[in-house]
Amino acid sequence: MSHYYRLVVSCPDRVGIVARVSSFIAKQGGSITEASQHSDLETGCFFMRYEILADSVGMSVEALRAAFEPVAIEFDMQWSLVDTQQRRRVVLMVSRESHCLVDLLYRWQAGELDCDIVGVISNHDDMRSLTEWYGIPYHYVPVDPDNKQVSFAKVQAEIDSARADCVVLARYMQILPPDLCALYAGRVINIHHSFLPSFAGAKPYHQAYQRGVKLIGATCHYVTEELDAGPIIEQDIHRVSHCHTPTDLVRFGRDVEKAVLARGLRWHLEDRVLVHGNKTVVFS
Ligand SMILES: Nc1nc2c(c(=O)[nH]1)N[C@@H](CN(C=O)c1ccc(C(=O)N[C@@H](CCC(=O)O)C(=O)O)cc1)CN2
């Protein structure tokens, strides 16, 4: 099965970046199978994502990285070059709502998510049997409201022990402390059950019902210290009306949350999401 080298770049915009990078790849015999780019004219930043057929380049990804280094220095790039054969290790976190966890586990087993789910962490024991049915280790880490520091030290130990590349809050209903947000910056994804920035925080569907909205939604975003304010990866909505109850809104919302989180995680795993300040460029 073909695998690819994936180059992701962000740098100050200037004429000649695409020409320089594509000619570098051509000189290595590389076949570019997917190319995306974006110039942010407001900030003067340039973003690029290339997929290159690994077998077309006559060298290892490590050797290609070393060869590309001078180009990156020339253009003051922030960049990554990975081999898609190296699967990412993902830890899921959940509380009592199961729909997102169930959906991700199904999609993973069906091969939709190119990653290894290496663990599930929860502050409740409810999801143990479901998780272990998939052969995935389950870590029950209750959160002591009077000593959250100890609880989240245990969470951190489990994440590090799993050697996680990415953590997904699949309706995990605890606020991660600032030290964990900093430690895992850009690697923790959350699904918020509203169309942010509307209705951040707890119980957004009940807030939406009281407001009389005609659309509800879900938002997949990176987790930051500020609650539900991290860079947005993906969003979607569902139409509602005066006939619907809060229970209806929660039911409609579950379907949106599952789809939005799955797309957001898949795009993150495929390095399609480039964070730029508190926004993202998504080459979907
Ligand atoms: N540091 C961050 N942590 C979390 C974020 C985030 O953006 N930054 N997103 C939340 C998810 N979330 C809504 O999507 C959310 C979760 C929990 C709460 C909350 O008020 N939790 C209470 C405890 C509630 C309980 O015990 O049942 C708390 O943590 O004190 C609000 C919003 C996940 N974490």
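Residue positions are given per chain, counted from 1 along the sequence in the order it is written. Note on the predicted model: pLDDT of at least 70 is required for a residue's local features to be given, and 80 or more for side-chain atom pairs to be given and counted; whole-chain, interface and lining totals, by contrast, use all residues. Hydrogens and water are ignored here; the side-chain numbers use all heavy atoms of the structure.

## Quick word on the nonpolar core
Rules: Residues belong to a common nonpolar core when they are buried Ala, Val, Leu, Ile, Met, Phe, Trp, Tyr or Cys residues joined through side-chain atoms within 4.5 Å. Only protein chains enter the accessibility calculation, which uses a 1.4 Å probe. A residue is then buried if its area is under 20% of the maximum for its type, exposed if over 50%, and partly exposed in between. To qualify as a helix, a DSSP run of H or I must reach at least 4 residues; to qualify as a strand, a run of E must reach at least 2; elements of each kind are numbered from the N terminus.
In terms of nonpolar packing, the biggest core is built from 33 residues, with L92, L104, V168, I189, L261 and L265 touching the most fellow members. Going through the elements one at a time, β5 (88-94), α3 (99-109), β6 (115-122), β8 (166-169), β9 (188-192), β10 (215-222) and α8 (246-269) are the ones with two or more residues in this core. In terms of residue count, the dominant contributor to this core is α8 (seven residues). Listed in part, the 22 residues of the second largest apolar core include F46, A54, V57 and V71.

## What about the side chain of H192?
So the rule is basically this: The definition of a polar contact used here is a pair of N or O atoms within 3.5 Å, where within protein one atom must be able to donate a hydrogen and the other to accept one, and adjacent residues in sequence count solely through side-chain atom pairs. Every residue pair with non-hydrogen atoms within 4.5 Å of one another is taken to be in contact.
Locating H192 in the fold gives a position in strand β9. Reaching out from H192, the side chain makes a polar contact with the backbone oxygen of F199 at a distance of 2.8 Å. H192 has contacts with F199, A200, G201, P204, A218, T219, H221 and D228, leaving out every residue within four places of it along the chain.

## Regarding the UniProt feature "domain: ACT" (unreviewed entry) in the chain
Inclusion rule: UniProt positions are given in the numbering used here, feature names are shortened, and annotations may be inferred rather than shown by experiment.
When the UniProt feature table is mapped to this numbering, "domain: ACT" (unreviewed entry) covers residues 6-86. Taken end to end, residues 6-86 has its terminal C-alpha atoms 11 Å apart, with 31% of it in helix and 38% in strand.

## Notes on the site of the ligand
Note the following rule: If even one non-hydrogen atom of a residue comes within 4 Å of a molecule or strand, that residue is called near it. Note that accessible areas follow from Shrake-Rupley with a 1.4 Å probe, and for residues the cover is restricted to the protein chains shown.
Around the ligand sit 18 residues in total, of which Q174, L176, H192, T224 and D228 are the nearest. Backbone polar atom of L176 to a nitrogen atom of the ligand: 2.9 Å apart, as the coordinates give it. Separating an oxygen atom of the ligand from a side-chain N or O atom of N190 is a distance of 3.4 Å. Protein burial of the ligand: of its 720 Å² of free accessible surface, 77% is covered by the chains. Of all the elements, β9 adds the most residues to the shell around the ligand, at three residues.

## So, the sheet that holds strand β1 (residues 4-12)
Spelled out, the test is: One bridge is not enough; two strands pair if DSSP finds at least two bridges between them. For helices, the axis comes from a line fit to the C-alpha atoms of the stretch in contact; other axes are also lines fit to C-alpha atoms, and the angle between any two N-to-C directions lies between 0 and 180 degrees.
Spatially, β2-β3-β1-β4 is the arrangement adopted by the four strands of the open sheet, whose pairing is antiparallel. Since the sheet does not close on itself, it has two edges, and those belong to β2 (32-40) and β4 (78-83), each with one partner. In this sheet, neighbouring strand axes are inclined to one another by 5° on average, regardless of whether the strands run parallel or antiparallel. Here β2 pairs with strand β3 (residues 45-53) via eight bridges, running antiparallel. Each bridged residue has a counterpart across the sheet, and for S39 the counterpart in β3 is F46. Set on the sheet, helix α1 (residues 17-27) makes contact with β1, β2 and β3; between it and β3 the angle comes to about 20°.

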